[in-house]
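Results of the structural survey
Residues per chain, in single letters:
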Amino acid sequence: MNENANDPGRCFGVFGDPVGHSRSPDMLNAAFAAMGMPHRYFAFHVRPHALANALAGARAMGLGGLNLTVPHKRAAVAHMDRLAPEAARIGAINTVLIRRGELIGHNTDGAGFLDALAELGGNPPRHAVVLGGGGAARSVVDGLRHGETAAEVVWVSREPARLPALDGVARCGYGDLGEALAGCELLVNATTVGMRGGPERFASPLPLERLRRGTRVVDLVYPRAPGGLLDEADNVHARTQDGLATLLWQGVRALELWLGIALPASVVATMRRALNR
Ligand SMILES: NC(=O)c1ccc[n+]([C@@H]2O[C@H](COP(=O)([O-])OP(=O)(O)OC[C@H]3O[C@@H](n4cnc5c(N)ncnc54)[C@H](OP(=O)(O)O)[C@@H]3O)[C@@H](O)[C@H]2O)c1
């Protein structure tokens, strides 16, 4: 390890359980190397019962920042000294900035999702359908509501009554999806369906034939599952994107927070290559 890696602010990482599959170390270490910085990023396997101690350790050792992944995004909120506005609205954090011993919780998933969506082209969507009631879905719904056009969102869950009631957001179950799909410009899968080790099918089949030609379909899951949602969407002439795009841009946003700079396009390109995108 570089002799400076443990200096305050030079060591970063992701806490998760499991964490071995995380693509973040490759992506972030490639960025540090491209900028000629001695900073390093590590994956830490932190079990739920150890989260509080692990965060206290990060604070005590002066780490520069952290990412949090499943299952820590919501639980970590209680351990922050401060929350950024989007993290407070969403009730979950994926990025921690550590400054002068303070833990500040952010959530870059929603903004990263919007950055990735811009790569698909087209105007910001005015009508969107978001599938799933978990943390990723909450970030996406928040991003869409607080983005450029404050999209009208249909939020779909197997138990819609359990979704929070939000302005501009209609809640619905899988049985009532047809009308919403026919009228939307964007469909987002923010469920675990299609994830390795996750469920293979939606609660009920999605009537994708209702989508208009050219509708954008984004699957937050990565890697893309052969024969999965995006293949089906391609068959009805949608414009598709897998979860690596959002992974890239939420990472760019996290790194910009930690370093306090806007990343040059060449560094973003390096991070993209590290993800094989
Ligand atoms: N690309 C990225 O950067 C990025 C960022 C964050 C997350 N993700 C991915 O997004 C996915 C969701 O993550 P998460 O943190 O939100 O997980 P989560 O909190 O566990 O939520 C997943 C949701 O999926 C829904 N679900 C589960 N099984 C289902 C089924 N058979 N049919 C329909 N819905 C089902 C459930 O919603 P209901 O119970 O409400 O139906 C559940 O709340 C994961 O694959 C994760 O890897 C990607």
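What you see is a predicted model, and the numbers here were worked out from it, not measured in a lab.

Right, let's get into the pattern of salt bridges. Summed over the entire model, instances satisfying the criterion amount to twelve salt bridges. Among the salt bridges present, the one from Arg126 reaches Glu185, with a minimum N-O distance of 2.6 Å. Remark: Glu185 occurs in the loop between α6 (177-183) and β10 (186-189) and Arg126 occurs in the loop between α4 (109-119) and β7 (127-131); sequence separation between them is 59 residues. Among the residues examined, Glu185 registers a relative accessible area of 17% and is labelled buried. Three or more residues joined by partner-sharing salt bridges are found here, namely Arg224, Asp231 and Asp234.

Space inside the second largest pocket adds up to approximately 430 Å³. The dominant element in the lining of the second largest pocket, judged by the number of residues it contributes, is helix α7 (residues 229-235), at three residues. Partitioning the lining of the second largest pocket into residue classes produces eleven nonpolar, seven polar and seven charged.

Now for the sheet that holds strand β11 (residues 216-219). Within the open sheet, the six strands sit side by side as β9-β8-β7-β10-β11-β12. Their pairing is parallel. Every interior strand has two partners, whereas the edge strands, β9 (169-172) and β12 (239-241), have only one. Each neighbouring strand pair of the sheet contributes to a mean axis angle of 15°, computed without reference to strand direction. Judged from the four bridges that link them, β10 and β11 form a sheet pairing that is parallel.

Of all hydrophobic cores here, the largest spans 26 residues; its most connected members are Leu248, Leu255, Trp258 and Met271. Going through the elements one at a time, β1 (11-16), α1 (24-34), α8 (244-259) and α9 (265-274) are the ones with two or more residues in this core. Residue contributions to this core peak at ten residues, all from α8. If near-sequence neighbours (up to four positions away) are discounted, Met271 is found in contact with Met27, Leu28, Ala31, Leu248, Gly251, Val252, Leu255 and Leu263. Residues Leu177, Leu181, Leu229 and Ala233 belong to the second largest nonpolar core, which totals 21 residues.

Turning our eyes to something else, we now look at the site of the ligand. Not every one of the 25 residues close to the ligand is listed here, only the nearest: Ala136, Ser157, Arg158, Met195 and Gly243. Backbone polar atom of Gly133 to an oxygen atom of the ligand: 3.1 Å apart, as the coordinates give it. Between the ligand and Ser157 there is a distance of 2.6 Å, counted from an oxygen atom to a side-chain nitrogen or oxygen. Considering the ligand on its own, with 920 Å² of exposed area, one finds that the protein chains cover 80% of that surface. For the shell around the ligand, the elements supplying multiple residues, two or more each, are α5 (135-146) and α8. Here the residues of the shell around the ligand are counted per class, giving twelve nonpolar, nine polar and four charged.

Quick look at the domain arrangement of the protein chain now. Here the protein chain is described as being made up of domain 1 (11-107 + 249-274) and domain 2 (110-242). Taken together, the contact pairs ten residues of domain 1 with eleven residues of domain 2. Both faces combined, the contact of domain 1 with domain 2 buries some 990 Å², and carbon together with sulfur accounts for 48% of it. For the pair domain 1 and domain 2, the interface holds three salt bridges. Across the pair Glu119 and Arg272 runs a salt bridge whose closest N-O atoms are separated by 2.7 Å. Here domain 1 and domain 2 share five residue pairs in polar contact (both at pLDDT 80 or more) between them. When contributions to the side of domain 1 that touches domain 2 are tallied by element, the ones reaching two or more residues are α3 (85-90) and α8.

Viewed as axis vectors pointing N to C, α1 and α9 meet at an angle of 145°, and their least axial separation amounts to 8 Å. Two packed elements cross with a definite hand, and for α1 against α9 that hand is right-handed. Along the contact surface, α1 presents Asp26, Met27, Leu28, Ala30, Ala31 and Ala34, while α9 presents Val267, Thr270, Met271 and Ala274. Residues belonging to the contact of α1 with α9 are distributed by class as follows: eight nonpolar, one polar and one charged.

Calculation criteria
- Residues numbered from 1 in each chain as written.
- Predicted model: local features only at pLDDT ≥ 70, side-chain atom pairs only at ≥ 80, totals over all residues.
- Heavy atoms only, no water.
- Salt bridge = Lys/Arg side-chain N within 4 Å of Asp/Glu carboxyl O.
- Helix = DSSP H or I, 4+ residues; strand = E, 2+ residues; numbered from the N terminus.
- Buried < 20%, exposed > 50% of the residue type's maximum accessible area, 1.4 Å probe, protein only.
- 1 Å grid on protein atoms, 1.4 Å probe; cavity = no way out; pocket = protein on both sides within 12 Å on 5 of 7 lines; lining within 4 Å.
- Points joined across faces, edges and corners; volume = space filled by probe spheres on them.
- Nonpolar A, V, L, I, M, F, W, Y, C, P; charged D, E, K, R; others polar.
- Pairing = 2+ DSSP bridges.
- Axes fitted to C-alpha atoms, helices over the stretch in contact; angles between N-to-C directions.
- Core = buried A, V, L, I, M, F, W, Y, C linked by side-chain atoms within 4.5 Å.
- Contact = heavy atoms within 4.5 Å.
- Near = heavy atom within 4 Å.
- Polar contact = N/O pair within 3.5 Å; in protein donor to acceptor, adjacent residues only side chain to side chain.
- Areas by Shrake-Rupley, 256 points an atom, 1.4 Å probe, with all protein chains shown as cover.
- Domains from an automatic or database assignment.
- Buried area = accessible area lost by both parts, 1.4 Å probe.
- Left-handed = near helix turned anticlockwise from the far one by under 90°.

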